[in-house]
Amino acid sequence: TGINFDEYDTILVEISGHDLPPAILTFEEANLCQTLNNNIAKAGYTKLTPVQKYSIPIILAGRDMMACAPTGSGKTVAFLLPILAYMMRDGITASRFKELQEPECIIVAPTRELINQIYLEARKFSYGTCVRAVVIYGGTQLGHSIRQIVQGCNVLCATPGRLMDIIGKEKIGLKQVKYLVLDEADQMLDMGFGPEMKKLISCPGMPTKEQRQTLLFSATFPEEIQRLAGEFLKSDYLFVAVGQVG
Ligand code: ADP
Ligand code: MG
């Protein structure tokens, strides 16, 4: 699937919240490291999508965010690039990353297909860095997921059920978690994962919302999602809506 950039010249973007960092117009303005820039070029990306223009500086500024944008608008890269940039800060070395075996970033998406797509993007954009991305989902052996994690994992991509199984078995350290990304949040609620998400943010060892950065993505913005945002995000979170939001 490609992106139709012509459509974006006329698209409506609505932002709310205080102290909004200015949008960027090009990848260069994000000031990412050379390795990330190389990976962007290798992926063939030359222009930012609207959600990327706003989200990348918001996330780089350390702010919590709720973003609503239609499927296919480039939300994955919108959160992956700034998170990888954070992990690459100060040119972190392989030895430091080996030490850091617990995830600094947890990304949750509702289905195996969706989380696997995110994982593949995480692999693609972390190519040539010390960042190790891991994916876990149900329908595979729990032991396999656990081994993946204990071998060292900086970015953990997970479905909600499998993530909570692993946390229940105390096979994962959560104290390093700096980023929590909930993708396709509306779909997660529709599929009945609301309780899992609530358990996740309140489980022992999980950094509080003040200690972590939380990013919520959704294709729609119904009342339940607004409530979720109020509960999961810092009160000064920024809201970004692209296109028609239901
Ligand atoms: P969403 O999560 O909003 O549904 P994705 O992040 O899956 O969208 O992106 C949709 C497709 O567009 C993917 O194939 C992705 O690689 C591609 N893509 C994302 N950003 C860009 C960009 N800036 N330029 C070109 N292609 C892009
Ligand atoms: Mg997506």
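Residues numbered from 1 in each chain as written. Chains lettered and ligands numbered in written order. Predicted model: local features only at pLDDT ≥ 70, side-chain atom pairs only at ≥ 80, totals over all residues. Heavy atoms only, no water.

### Description of the side chain of Asp64
Alright, step 1. In this structure, Asp64 sits in the loop between helix H3 (50-60) and strand S2 (65-68).
Alright, step 2. Under the relative-accessibility criterion, Asp64 is labelled buried at 0%.
Alright, step 3. A distance of 2.8 Å separates the side chain of Asp64 from the backbone nitrogen of Thr214, its partner in a polar contact.
Alright, step 4. For Asp64, the side chain forms a polar contact with the main-chain nitrogen of Lys234, separated by 2.8 Å. (Helix = DSSP H or I, 4+ residues; strand = E, 2+ residues; numbered from the N terminus. Buried < 20%, exposed > 50% of the residue type's maximum accessible area, 1.4 Å probe, protein only. Polar contact = N/O pair within 3.5 Å; in protein donor to acceptor, adjacent residues only side chain to side chain.)

### A look at the UniProt feature "short sequence motif: Q motif" (unreviewed entry) in the chain
Alright, step 1. Under the UniProt annotation, "short sequence motif: Q motif" (unreviewed entry) lies at residues 25-53.
Alright, step 2. Span residues 25-53 is 48% helix and 0% strand, its end C-alpha atoms 6 Å apart. (UniProt positions renumbered as here; feature names shortened; annotations may be inferred.)

### Structural notes on the site of ligand 1
Alright, step 1. Neighbouring ligand 1 are 15 residues, the closest being Tyr45, Lys47, Gln52, Gly72 and Thr76.
Alright, step 2. At a separation of 3.2 Å, an oxygen atom of ligand 1 approaches a polar backbone atom of Gly74.
Alright, step 3. Here an oxygen atom of ligand 1 and a side-chain polar atom of Thr76 are 2.7 Å apart.
Alright, step 4. Here ligand 1, which alone exposes 570 Å², has 83% of that area covered by the protein.
Alright, step 5. Each residue belonging to the shell around ligand 1 can be placed in one class, and the counts come to 5 nonpolar, 7 polar and 3 charged. (Near = heavy atom within 4 Å. Areas by Shrake-Rupley, 256 points an atom, 1.4 Å probe, with all protein chains shown as cover. Nonpolar A, V, L, I, M, F, W, Y, C, P; charged D, E, K, R; others polar.)

### Focus on the environment of Thr49
Alright, step 1. The residue Thr49 is located in the loop between helix H2 (34-43) and H3 in this model.
Alright, step 2. On a C-alpha basis, the gap between Thr49 and Tyr8 in space is 7.3 Å, while along the polypeptide they are 41 residues apart.
Alright, step 3. What Thr49 contacts, discounting residues up to four positions off in sequence, is Ile3, Phe5, Tyr8, Ser73 and Gly74. (Contact = heavy atoms within 4.5 Å.)

### Re the packing of helix H8 (residues 160-168) against helix H10 (residues 194-202)
Alright, step 1. The geometry of H8 relative to H10 is characterised by a closest axis approach of 10 Å and an angle of 40 degrees between their N-to-C directions. Here H8 is positioned oblique relative to H10, judged by the angle of their axes. When you trace H8 past H10, the crossing you get is left-handed. Here Pro160, Leu163, Met164 and Ile167 of H8 come into contact with H10, specifically with Glu196, Lys199 and Leu200.
Alright, step 2. Class assignment for the residues of the contact of H8 with H10 results in 5 nonpolar, no polar and 2 charged. (Axes fitted to C-alpha atoms, helices over the stretch in contact; angles between N-to-C directions. Parallel < 35°, antiparallel > 145°, perpendicular 65-115°, else oblique. Left-handed = near helix turned anticlockwise from the far one by under 90°.)

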